[in-house]
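# Residue-level structural notes
Now for the letters of each chain:
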Amino acid sequence: MRAGAEMVPRSVLRVGATLGEGPVWARDALWFVDIKQHQVHRFDPATGAHERWTAPDQVGWVLPSAHGDLIAGVKTGLHRFDPATGTFTPLHAPEPHLPGNRLNDAAIDARGRLWFGSMDDDEVAATGRLYRHAGEDCADSGLAPVVITNGPAISADATALYHTDTLGKTIWRVPLRDDGTSGTPERHVTIEEGAGYPDGSTLDAEDCLWVGLFAGWGVRRYDPAGKLMTTVRFPCANVTKIAFGGEGLRTAYATTARKGLDAAALADQPLAGDLFAFEPGVAGVTTVEATL
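Let us look at the structure shown here. The model shown is predicted, which means the values in this text are computed figures rather than measured ones.

### What about the pairing of strand β22 (residues 239-245)?
Among the seven residues in β22, seven count as buried, and that is most of the element. Bridge analysis of β22 against strand β23 (residues 251-256) gives six bridges, and the strand direction is antiparallel. Bridged to Val239 within β23 is Thr256. Here β22 hands over to β23 after five residues, with Gly246 in that stretch at a positive phi of 75 degrees.

The structure is reproduced here in C-alpha cells:
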C-alpha cells in the first residue's frame with residue numbers, strides 16, 4: 001500500500017484541541033478527548049453532529065463498556081461516564097500514592113479486559129505504569145515503568161500487546177498469556193531521531209500497527225514484523241492517535257494537538273488540534289466492550 005491522493009488527511013472537525021487524544025469508534029460515532037481542556041467529544045461524521053462534555057479533571061480516553069455506558073480514564077483513575085446525564089462516577093484509583101501522575105492511554109482486548117497506562121504529568125519522572133483491569137481485579141502489568149506510557153494496542157487474538165515508551169521512542173511487543181500475564185518484551189519499533197515521538201497506536205485488520213507521531217508531522221504503518229510500510233503526512237506537527245471508523249471501519253480518524261506550539265508555529269499550522277480523516281486502504285477492527 002502506498003500513500004496516494006486518497007491518503008491525504010483532511011480536517012473534518014475544527015476543534016483546536018490543546019491535546020486531542022484517545023479516538024475510538026463506538027456506537028456509530030467517533031469519540032475522543034481533549035486532555036488539557038478536560039473535554040470528551042462525540043462526532044457523527046454522517047450528520048456532522050458534534051457534542052462535548054466536561055470531565056472532572058484531565059481525561060485521557062473513553063472506551064465502551066458492556067454496561068452500556070463508557071469507561072473514562074480521568075487523571076486520578078477510572079470513572080464510569082454516562083453521556084445521557086454527563087456524570088462521571090469513580091470506579092478505581094490505581095495510584096493514590098502518585099498525585100503527580102495521570103492516566104494517559106488505553107485499549108480493550110478480545111476478552112474485554114481493559115489495559116491502561118499512567119504517566120508523570122510533568123513528563124520527567126519514570127513513574128508511568130501499565131495496568132490490566134478485568135472484572136473486579138486491577139493489576140500492574142509488571143512492565144518496567146517509564147515517563148510516558150502510550151499505546152497500548154492489542155492483537156485481535158489477545159496474544160500480543162504493543163506498549164509504547166514515548167520518550168524512549170520505542171514500541172515493545174509483549175506476549176500475552178490467556179490469564180493476561182505477560183511474557184518477555186521484545187523491541188518492535190524504534191523511532192529515529194528527528195522523526196518525532198511515538199504516541200497512540202492501533203492495529204488494523206491485517207495486524208499492522210499504526211502509530212501517531214507527536215512532533216513528527218504524521219502517522220506511520222508498520223507490518224507485523226515491525227517494518228515500516230507507509231507514512232501519511234499531516235499539515236500539523238503533533239499527531240496523537242488514529243481510530244478506524246465509518247462504514248466497514250474503512251476511514252481513519254486522527255486526533256492532533258496544539259500543545260507545545262508557540263505563536264509562530266500555530267500561525268503556520270492553523271489546523272493543529274483538529275480532528276482529521278483519511279482513507280487508509282485497509283479496514284480496522286471492531287472495538288470490544290470492556291467487561292467492567
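### Some words on the pairing of strand β12 (residues 130-134)
Counting buried residues in β12 gives four out of five residues, a clear majority hidden from the surface. The pairing of strand β11 (residues 114-120) with β12 spans four bridges and is classified as antiparallel. Note on β12: the bridge partner recorded for Phe116 is Tyr131. Adjacent in sequence and paired antiparallel, β12 and strand β13 (residues 137-140) are bridged by two residues, among which Gly135 carries a positive phi angle near 65 degrees.

### So, the environment of Ala29
Tracing the backbone shows Ala29 in strand β3 (residues 29-34). The buried category is assigned to Ala29, whose relative accessible area is 0%. Taking the C-alpha atoms as reference points, Ala29 and Thr159, 130 residues apart in sequence, are found 28 Å from one another. Once residues lying within four places of it in the same chain are set aside, the contact partners of Ala29 are Val24, Arg42 and Phe43.

### Considering the sheet that holds strand β19 (residues 209-214)
Strand order across the open sheet formed by four strands is β18-β19-β20-β21, with antiparallel pairing between neighbours. Two strands bound the open sheet, and with one partner strand each, they are β18 (197-203) and β21 (228-233). Adjacent strand axes in the sheet meet at a mean angle of 25 degrees when their direction is disregarded. Pairing geometry for strand β20 (residues 218-222) and β21, over five bridges, is antiparallel. Along β21, the bridge assignment pairs Val219 with Val232.

### Some details on the sheet that holds strand β6 (residues 59-64)
Ordered in space as β6-β7-β8-β9, the four strands form an open sheet in which the pairing is antiparallel. If you trace the sheet from one side to the other, it starts and ends with β6 and β9 (87-92), each paired once. Across this sheet, the average inter-strand angle for adjacent strands is 30 degrees, counted without regard to direction. Of the pairings in the sheet, the one linking strand β7 (residues 70-74) to strand β8 (residues 77-82) comprises five bridges and is antiparallel in character.

### Some details on unusual backbone geometry
One non-glycine residue, His38, adopts positive backbone phi at about 60 degrees. Note on placement: His38 falls in the loop between β3 and β4 (39-44). Its identity as a non-glycine residue notwithstanding, Leu249 has a phi of 55 degrees, on the positive side. For Leu249, a relative accessible area of 14% translates into the label buried.

Thresholds, definitions, all that
Residues numbered from 1 in each chain as written. Predicted model: local features only at pLDDT ≥ 70, side-chain atom pairs only at ≥ 80, totals over all residues. Heavy atoms only, no water. Buried < 20%, exposed > 50% of the residue type's maximum accessible area, 1.4 Å probe, protein only. Helix = DSSP H or I, 4+ residues; strand = E, 2+ residues; numbered from the N terminus. Pairing = 2+ DSSP bridges. Contact = heavy atoms within 4.5 Å. Axes fitted to C-alpha atoms, helices over the stretch in contact; angles between N-to-C directions.

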